[in-house]
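Spelled out from the first residue to the last, the chains are:
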Amino acid sequence: MQQRQLGSQGLTVSALGLGCMGMSFGYGQNDERQSLNTLARAFELGINFLDTAEVYGPYTNEALVAKAIKGRSDIKVATKFGFRISEQGEGRARMTGANSDPAHIRRAVEGSLQRLGVETIELLYQHRPDPAVPVEDVVGTMADLVREGKVKYLGLSEVSSATLRRAQAVHPISALQSEYSLWSRDPEWDILATCRELNIGFVPYSPLGRGFLTGKFPAADTLAADDFRRTLPRFQQDAQAHNQKLVDRLTAMADGYGATAAQLALAWVLAKGDFIVPIPGASKIAHLEQNCASASLALRGEDIAALDALFSPQNVQGERYNDSEFVMVER
């Protein structure tokens, strides 16, 4: 698989990464053996960039990734801190708000190093901005961890251009991660331009719209009871019916390329810039292989423009998050 550079500090990764969250968290029941087989196949296909976080589980996704990368030095793992995680008893824990206090960052990084079984974290993100802690203090602490050899490259997630500029003034930022896909276009307001200007890589999460842009998404009320997509505005019945019409047209366009809707959606993201490395999730080998094929799918300029117009924000019904999640996102 082709490689892309994130930032100007030397971080080079496969053009497609693999988001690992859904293997342990967020989308209902999980199958560890299936996930490990998928991860092994990803490495065979040339994917060398994995995305995880301490809050996925919490903690269990990092432990899963550790099993997959054990004994390998060629896989680059990104993980994240930034949430307060409270023990609930009986081995359970949950996220209870943002926390980027410098002491907490250090504790989180030590925990991630231990769970991942590595000496150095390749790419460390602040998962969400913490309004109680200036970004200068956050990045200053992260920079100290770089100097100590515990972290190699730094990233932020879901911050504004203004915050990104403030962070860059403290220490070079290699990557910004935010949601970006055909139906989540917020980064086009100014984030993508800022990343280009500052030579910062952009890592879109949910580039397949949490599975909806595959064209094979079931009715939300058929999802597992603990699948958090049940609560999202875009997945409510009326919004889903409206948005499905857009995906139907995406599928028809994909047919013209001999491709799937998912492949066309990922190819569209990849076409938006060579500094962009999307991280679609996949827990099954068939879905992974399908996603990987999108890296070699070249779209015609007129089709990119047509997709831009088809999925313009005014054509998409429902917000990507509820108000409670938007509190933790700079817009």
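Numbering of residues starts from 1 in every chain and runs along the sequence as written. Totals for whole chains, interfaces and linings use every residue, but because this is a predicted model, local features are given only for residues with pLDDT of at least 70 and side-chain atom pairs only at 80 or more, for both listing and counting. Heavy atoms from the whole structure form the basis of all side-chain values; hydrogens and water molecules are not counted.

An unreviewed UniProt entry annotates the protein as Aldo/keto reductase of Pluralibacter gergoviae.

As for the environment of Leu208
Going by this rule: The helix count covers DSSP runs of H or I at least four residues long, the strand count covers runs of E at least two residues long, and both are numbered beginning at the N terminus. Relative accessibility under 20% of the residue-type maximum defines a buried residue, over 50% an exposed one, and the middle range a partly exposed one, all with a 1.4 Å probe and only protein chains included. Contacts are assigned to residue pairs with any non-hydrogen atoms lying within 4.5 Å of each other.
Tracing the sequence through the fold places Leu208 in the loop between strand 11 (201-205) and helix 7 (237-255). For Leu208, a relative accessible area of 9% translates into the label buried. C-alpha separation for the pair Leu208 and Ser100, spaced 108 residues apart in sequence, amounts to 29 Å. Look past the residues within four positions of Leu208 in its chain and what remains in contact with it is Leu213, Thr214, Ala262, Ala265, Leu266, Pro280 and Asn291.

Side note on helix 9 (residues 285-293)
Stated precisely, the cut-off is as follows: Of all possible arcs, the one meant is that of the directions from the helix axis to the C-beta atoms.
Inspection of helix 9 places Leu288, Asn291 and Cys292 among the buried residues, and these make up the whole buried set. An end-on view of helix 9 places all buried positions within 100 degrees of arc, on one side of the element. Buried residues belonging to helix 9 abut strand 3 (18-19), helix 1 (32-44) and helix 8 (261-270).

Concerning the pairing of strand 11
Along a regular strand, successive side chains alternate from one face of the sheet to the other. What counts is decided by this rule: Strands qualify as paired when DSSP identifies two bridges or more between them. The path from the first strand over the helix to the second decides the hand: if it runs clockwise while the strands point away from the viewer, the crossover is right-handed.
Summarising burial for strand 11: five of the five residues are buried, a large majority. Alternating positions in strand 11 separate into two faces, Gly201, Val203 and Tyr205 on one and Phe202 and Pro204 on the other, with burial throughout. Pairing of strand 10 (residues 175-179) with strand 11 involves five bridges; the strand directions are parallel. Bridging across to strand 11, Ser178 finds its partner in Pro204. In the classification by handedness, the crossover that spans strand 10, the intervening helix 6 (residues 191-198) and the parallel strand 11 is right-handed.

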